[in-house]
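Given next are the chains, with one letter for each unit.
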Amino acid sequence: MAEILVHRHLFIILDKIRIMKLTYFKLCALMLFTLFLLSEANAQRQSRRRANQPTQIGDTTRPVNQVNNNTQPSGYNPYGNVPIVIDSTGMSDTTVRKSLRNDNAFDKSSLTARTPLPYEHLRWDDALYAEKVWRELDLREKMNKVFTYEAVDDNGSQIFVDMLLKAVKTGQVTGFADDRFTTPVTLQEIEGLTQGKADTVAQTDPNDINKVVRYVVTRASFDPKSVTKLRIKEEWVFDRESSRMFVRILGISPILTKYLPSGQEFGSTPMFWIYYPDLRPLLVKSEVYNPKNMGQGRMTWEELFESRMFSSYITKSTLDNPTNKTLRQLVDRRDPILALLEGENVKEKIFNYEQDLWSY
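Residues numbered from 1 in each chain as written. Predicted model: local features only at pLDDT ≥ 70, side-chain atom pairs only at ≥ 80, totals over all residues. Heavy atoms only, no water.

*Asks:* Any details on the overall build of the protein? Residues and values, ideally.
*Replies:* Helix and strand content of the protein: seven helices and 14 strands. For the protein, the proportion of its 360 residues judged to be buried stands at 28%. Contacts spanning at least 24 positions in sequence make up 62% of the contacts within the protein whose residues lie at least 6 apart. A total of about 25,400 Å² of accessible surface is found on the protein, and carbon and sulfur atoms cover 54% of it. (Helix = DSSP H or I, 4+ residues; strand = E, 2+ residues; numbered from the N terminus. Buried < 20%, exposed > 50% of the residue type's maximum accessible area, 1.4 Å probe, protein only. Contact = heavy atoms within 4.5 Å. Areas by Shrake-Rupley, 256 points an atom, 1.4 Å probe, with all protein chains shown as cover.)

What follows is the structure, encoded as structure tokens:
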């Protein structure tokens, strides 16, 4: 019995020793892990302090600033010294190429010496009636085909839009951004309207498609025949001193038509406005195409506008228009025929005003 008690007591002592060893091992492992974490944190703190510490050079201390040299070396070419060629075939050309010989059987040198006749002076006190009218000329109509005469003469292209562009680009007249002639447009703005964006195309060797021979810079060409409309601003004035109705053209603007990808027309905008009295000295020196007679029967562009030898329709007027809107905005936009009929109504009102002044 005593022997069993001794063995049990010895087993209890051995079990306590085993538990103490296990506890001691866990405490040692925890201490080692804690020391490892403290050493890592201390190392990171010292590395940050070392990075922010100023560098000492002798007795002078200054922080280290990294400087990146982004300057391109001299002679740097991003295209790898491949030649770049600018294709100017699509750019507008205003150069006038005169004939070195007389291109007619008769002498027409007196044409360039013409000057427009001055307008009859109209006094404001005698302007019994005055209304401004905006009208559009569709150059696709048969009567207006003379505006798109595709020929070149000693004064340049005979297309009327080309004449306007040449006059503005050469500084003979001033282009304006609005129909009140308040803001002149710059030559860069005109160039932006008459040429597309630049596009660089790589030209490869026909024998080796992976070898680039040169880069060609092209621009979308401007076709003056794409301008199919002109807009005219004019004023109708009844002068009570002479008892007659005068009409004076104030401005001309080529209209740039916008199209949807499907080809449907969805809007238009004026390219620039030209003050018509400034343009008259140029128009009087250019002749209009006459399909029946190219001799003395040809009139000048100034005579064509003064004689009203064109087809047009009214798009806006100051008559019964307190909101200053176009006829298309005043009537149903979905039916352009109503706008044409309203334009004829405005024309009839102006005509009847003069006729109603007379009694028979």
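*Asks:* Any chance you could break down the side chain of Thr300 for me, citing the residues and the numbers?
*Replies:* Note on placement: Thr300 falls in the loop between helix H4 (276-283) and helix H5 (301-306). Assessed through its relative accessible area of 1%, Thr300 is described here as buried. What Thr300 contacts, discounting residues up to four positions off in sequence, is Arg114, Leu283, Val284, Ser286, Glu287 and Val288.

*Asks:* Before we move on, could you go through the pairing of strand S8 (residues 198-205) and cite the residues and values that matter?
*Replies:* Bridge analysis of S8 against strand S9 (residues 208-219) gives eight bridges, and the strand direction is antiparallel. Bridge pairing links Ala202 to Tyr215 in S9. Where S8 folds back on S9, the antiparallel hairpin that results is connected by two residues. (Pairing = 2+ DSSP bridges.)

*Asks:* Break down the packing of helix H2 (residues 160-169) against helix H3 (residues 187-194) for me, citing the residues and quoting the values.
*Replies:* At their nearest, the axes of H2 and H3 sit 10 Å apart, and the two run at 150° to each other. Classified by the interaxial angle, the pair formed by H2 and H3 is roughly antiparallel. Where H2 crosses over H3, the two elements pack in a sense that is left-handed. Touching Leu165, Val168 and Lys169 of H2 are Leu187, Ile190, Glu191 and Thr194, all from H3. Tallied by class, the residues present in the contact of H2 with H3 amount to four nonpolar, one polar and two charged. (Axes fitted to C-alpha atoms, helices over the stretch in contact; angles between N-to-C directions. Parallel < 35°, antiparallel > 145°, perpendicular 65-115°, else oblique. Left-handed = near helix turned anticlockwise from the far one by under 90°. Nonpolar A, V, L, I, M, F, W, Y, C, P; charged D, E, K, R; others polar.)

*Asks:* Kindly report on a nonpolar patch on the surface, identifying the contributing residues and their values.
*Replies:* Taken together, the side chains of Leu10, Ile13, Leu14 and Ile17 make up a nonpolar region of the molecular surface, amounting to roughly 340 Å² of accessible area. Ile17 gets classed as partly exposed once you look at its relative accessible area, which sits at 37%. (Patch = residues over 30% accessible without salt bridge, like charges linked within 9 Å, V, L, I, M, F, W, Y side chains within 5 Å. Salt bridge = Lys/Arg side-chain N within 4 Å of Asp/Glu carboxyl O.)

*Asks:* Could you give me a rundown of the packing of aromatic side chains, with the residues and numbers involved?
*Replies:* For any two aromatic rings, the description comes down to two numbers: the centre-to-centre distance and the angle of the planes. A complete count under the given rule lists 12 aromatic pairs for this structure. Aromatic pair Phe160 and Phe305: ring centres 5.6 Å apart, planes at 50°, arrangement tilted. Residue Phe160 is located in helix H2, and its partner Phe305 is located in helix H5; the two are separated by 145 residues in the primary sequence. When its relative accessible area of 0% is taken as the criterion, Phe160 is described as buried. Looking at Phe305, the relative accessible area reads 1%, which means it is buried. (Phe/Tyr/Trp six-rings, centres within 6.5 Å; stacked < 30°, edge-to-face > 60°.)

*Asks:* An account of the side chain of Ser286 is needed here, citing residue identities and associated values.
*Replies:* Residue placement: Ser286 occurs in the loop between H4 and H5. Within the structure, Ser286 has its side chain in polar contact with the side chain of Asn155 (distance 3.0 Å). (Polar contact = N/O pair within 3.5 Å; in protein donor to acceptor, adjacent residues only side chain to side chain.)

*Asks:* I'd like a rundown of unusual backbone geometry, residues and numbers included.
*Replies:* With a phi close to 55°, Ser243 is a non-glycine residue in the positive phi region. Non-glycine residue Asn324 carries a positive phi angle of around 55°. The topology assignment puts Asn324 in the loop between strand S14 (313-317) and helix H6 (327-330).

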